[in-house]
Each structure stands twice: as structure tokens, then as C-alpha cells.
Amino acid sequence: MLFNSFDFLIFLPLVTLLFFLLPNKFRVYFLLVASCVFYCYFIPIYLLLLLFIILIDYYVGLKIEKHTDHKKKWLLISIFANVGILAVFKYFNFFITNFNDVFGTSASMLKIILPIGLSFHTFQAMAYTIEVYRGTVKAEKDLSVYALYVLFYPQLVAGPIERPQHLLPQLHKKQYFSAQNLLDGLRLIVWGYFKKLVIADNLSLIVDMVYKSPLQYQWYIVMLTIFLFSIQIYCDFSGYTDIARGAAKILGFDLMINFNRPLLATSIRNFWQRWHISLSSWFRDYVYVPLGGNKKGLPNQISLIFLVFIVSGLWHGAGWNFIIWGVIHAFFLIITFILSKRFFSTPNKVNPFYNFIKILAVNFIVAYAFVFFRNTSLLNASNIILQSIHFPNSSFNSTQLISSIPILGNYTLVMLLLFVLFLFVNEAILDPSLFKMNKYPILDSIWFAFIFIAIIFWGVFTKESFIYFQF
């Protein structure tokens, strides 16, 4: 079920109402059933795959806690099962295609569709067995609670990737209806819809048009589009996260903050401390640090950074374009580590202009790396980048810029850019956890009303899928 669908606008209040009307002992079962219904809106048969993973990891968790002498064996069983399923559905055809290209064979590929959100709940499931293995959490005895930990509908499809020590205790706790939770949750949902429907989906109309035929446009249009896609994917993904956190908040559950103003990052390292935090921290805690991290010298550190970002690229998609995207980030992150003490330290409160230059540089790198993220065709990605810097023989024409972009609904590119400016102002001054003005309730109410009106009049209501659903 898409968050930006009419079905969800019925599903959310109905599930919330029934959740609080039911006795506490039935709520876990109810949420579990509701989450299964939510997922079945996509490809129902794949729910069986999720239940299979759940049963394996639930059983493994109990075995790890009971048989401490053989707990590594049980952990490996869990990892093999999760990674194995992910490899078959997401990477098998990619490796077969490359094998055929290299060796000239014609091995058959699987005719399967990638289950929605497989990468997300696979990583969340592995986090559970790893933490049980480490002894930081107890194995969950209640199968229904553990199943809900994996299937909890707000973050089932695109995260955030929760840790067991954060979410499992909340699933055992009795939740009470709170007017403050309702208000805070609605604020997050409305803000998420604004980012998705008003900004991301409108920007997609421009981005899709230019990316489809980049050679038809002047360099400044292509360059602008490259930066617009960076904003689009941020608003699309963080918008989903805000809606997810808001839906959970209304029920009384707190999901982790997955984005913390990444557009204001002052280095690539700082960007990954702010962007998709649940994934970057997952790789840090379960891959980078266990393999030595910063403790074995710079050569090992550089090797691990490349490893993590290559795997991160593949996590996002089975394609060379995602690998290149990961390598670009790895390269600049290594530069950041080498020069961190001199150039890429924490923001300089004394020299805001210097910070502004660093923010521009980071956004430039991130935006151009996203060109490969979006394009499965390396040729098309190269054409976009080359066209964006092909300016020696062309002159800037503001009239041509505006006329080259189609009118979106009832407003022009200028109106859309004003909404983007509004986004940046909000990112800079508001509380990142709930996006509200704690000290100014009247201004907060005006902000809330403005966002709601913007969604009604300028939102795109064509049920555009979220970009990260493909992962």
C-alpha cells in the first residue's frame, strides 16, 4: 500500500482507531494482521517469503541464547538465509548477465520480481540475530512480537531500519492514546506529504523529461536538473520516513530519525552522518567496526571504506551504476578522512561563509554522484554529466531556461523553486525531530496550515511510487 494513496488515508485512521479500542493483549496481533494486509497490497505471495525469514530468525535467536557454545554457527545460519534470499531475488540475474557477457554463455535468468522492501527488512532481521549473538538483547520469546518487529507496517517497505533494542521494548509496552502524539504524528505526516507530493513528485516531471533526452537541452538546464534530482530523491525518501514516523507516533511508537538535514552537510563524512542514518549506522556497526574500523591503520581503513560503499551501492541495486555511485562516495570520504583535521572538521561558527562554501561543494558532489544512482545506463549517465559541462560554445538565456521547462499544473518553475527554498529554510531553523516551532505555537499553527494548503492545491495525486521502494 502506498502512503500517497486514498487507501492509506482510510487505512491509517481505521487501524489507529481499532488499535486503541482493542484490549492491550490483542493489539500486537491486530497490528501484525494490519501490517500483513498493508504488505499484501503489493505482491501478496511474497508475504510468505517474509514469514519464512521471520520463522528462521526467531528460531535462530532462541538457539543462540540457549546454546552459547554453538552460537556462531546459528548466527551464520541466519546470515546465510537472509543474504541467500536477498542474493537470489536481487542479484542472481545481475551476476548471470555479467557472467554471460564475460564468457559468452547464454545461462538463463530467473523470471522473478524483487519483493518490495526486501533489502530493508533483511537488514532489520539480521540486526536482531547479531544483537542476540552479541548479548546486547535477549532473544524474543513471543513469535508474534518478533514478527511485528519485522513487519511493522509504517517502516516495513522503506525503513528506517530499526534496531531490536529500540523497537522490541516498545512492542511490549502498553500504548495509551495521547493528543500530543496525535498532533506530533500528524505534523510529521503532513510535512512528509509536502516533501513527497508538492516537491518530489513535481520535480520528477522536470527530471524525467530532461534525463530522458539530455542532449536536447542546454548545459544550464541539465545542470539545474542534476541538482533538482538530488532534492527530489531527498524529499521522496525523507518524506516517506516522515510519514512512517508520524504513523508510528500516533500509535505511540518512536521510530529513529533517518535524516538530519543532509542538505546542510559540510563534508561527505558529515553527509553520511545525516543521510539514511539507519543504513549508514548499520554498515558502521555490523561491517566497518567488526572488521577493524579505525584501529588497524589508514590502509585498512581505506580498504574498508571502499568495501562498505561498494556493498552499500549493491544494497541499493544490482547494477554497475550503483557500484560507481558507491565508489564516488568512498573516494571523497577517504579524502575527507585524510584532510579532516585541516579542512573538514565540524562547522566553523566563526566563519559561516566558509561553511556555506563547504555545503555547496558537498551538494555538488552528492548531486553528480546521484546521476549514476538514477541511470542504469552508464552511457546515459555520462551524456548527462558531459552535457551539463558543455558550456564553452553556448550562452545563457534565462528566457530559454523558463520556456524549456513545462508548466506544472497551475504554477511555473519559479513557484516550485520557491517551495524548495521554503524547504531549505525549514531544514535550517525548525526542530528536526518533529519540524515544529517549540517556542512559537501561533507561528507553528500558521506553518501547519500553510503546508496543508500547499498539499491540497499543488500536490501531485497520481500515486507516484516512492523511489526507495525498488530497494
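Throughout this document, residue positions are counted from 1 along each chain, in the order its sequence is written. For this predicted model, a pLDDT threshold of at least 70 governs which residues receive local features, and a threshold of 80 or more governs which side-chain atom pairs are given and counted, while totals over whole chains, interfaces and linings are taken from all residues. Working from all heavy atoms in the structure, the side-chain values ignore hydrogens and water.

Q: What is the right way to read the pattern of salt bridges from this model?
A: Side-chain pairing between opposite charges can occur once the charged atoms of the two side chains come close. What counts as a salt bridge is simple: a side-chain nitrogen of Lys or Arg found within 4 Å of a carboxyl oxygen of Asp or Glu. Inspection of every chain in the model, using the stated rule, returns nine salt bridges. The closest approach of N and O atoms between Arg-374 and Asp-208, which form a salt bridge, is 2.4 Å. One end of the pair, Arg-374, is in helix α14 (residues 352-374); the other, Asp-208, is in helix α8 (residues 179-212), and 166 residues separate them in sequence. Measuring nitrogen to oxygen at the nearest pair gives 2.8 Å for the salt bridge that ties Asp-254 to Lys-249. Here the salt bridges share partners, and the residues they tie into one network are Arg-163, Arg-284 and Asp-285. Runs of E in the DSSP output that reach at least two residues are strands. Runs of H or I that reach at least four are helices, and both are numbered from the N terminus.

Q: Is there a simple way to think about helix α4 (residues 71-103) in this case?
A: Two residues of an α-helix separated by three or four positions point the same way, owing to the 3.6 residues in each turn. Multiplying 1.5 Å by the helix residue count minus one yields the expected span of that helix. Between its first and last C-alpha atoms α4 spans 41 Å; for 33 residues at 1.5 Å apiece the expected length is 48 Å, and the helix comes up short by more than 12%. At every residue, the bend is computed as the angle between two fitted axes, covering the seven residues ending there and the seven beginning there respectively. By the largest-angle criterion, Tyr-91 marks the main kink of α4, which is about 60 degrees. Note on exposure labels: buried denotes an accessible area under 20% of the residue type's maximum, exposed denotes more than 50%, and partly exposed covers the range between, all computed with a 1.4 Å probe on protein chains only. Residues Trp-74, Leu-75, Ser-78, Ala-81, Asn-82, Ile-85, Leu-86, Lys-90, Tyr-91, Phe-94, Ile-96 and Asn-100 constitute the buried set of α4. At the C-terminal side of α4, Gly-104 shows a positive phi close to 70 degrees.

Q: Is there a simple way to explain unusual backbone geometry in this structure?
A: Apart from glycine, the bulk of residues carry a negative phi angle, and the bulk of peptide bonds sit in the trans form. For Arg-261, which is not glycine, the phi torsion reads 55 degrees and is therefore positive. You can see Arg-261 is positioned in the loop between α9 (219-251) and α10 (268-272). Its relative accessible area of 18% is what places Arg-261 among the buried residues. Within the chain, His-276 stands out as a residue other than glycine whose phi angle is a positive 45 degrees. Inspection of the secondary structure assignment puts His-276 in the loop between α10 and α11 (277-288). We classify His-276 as buried; its relative accessible area is 0%.

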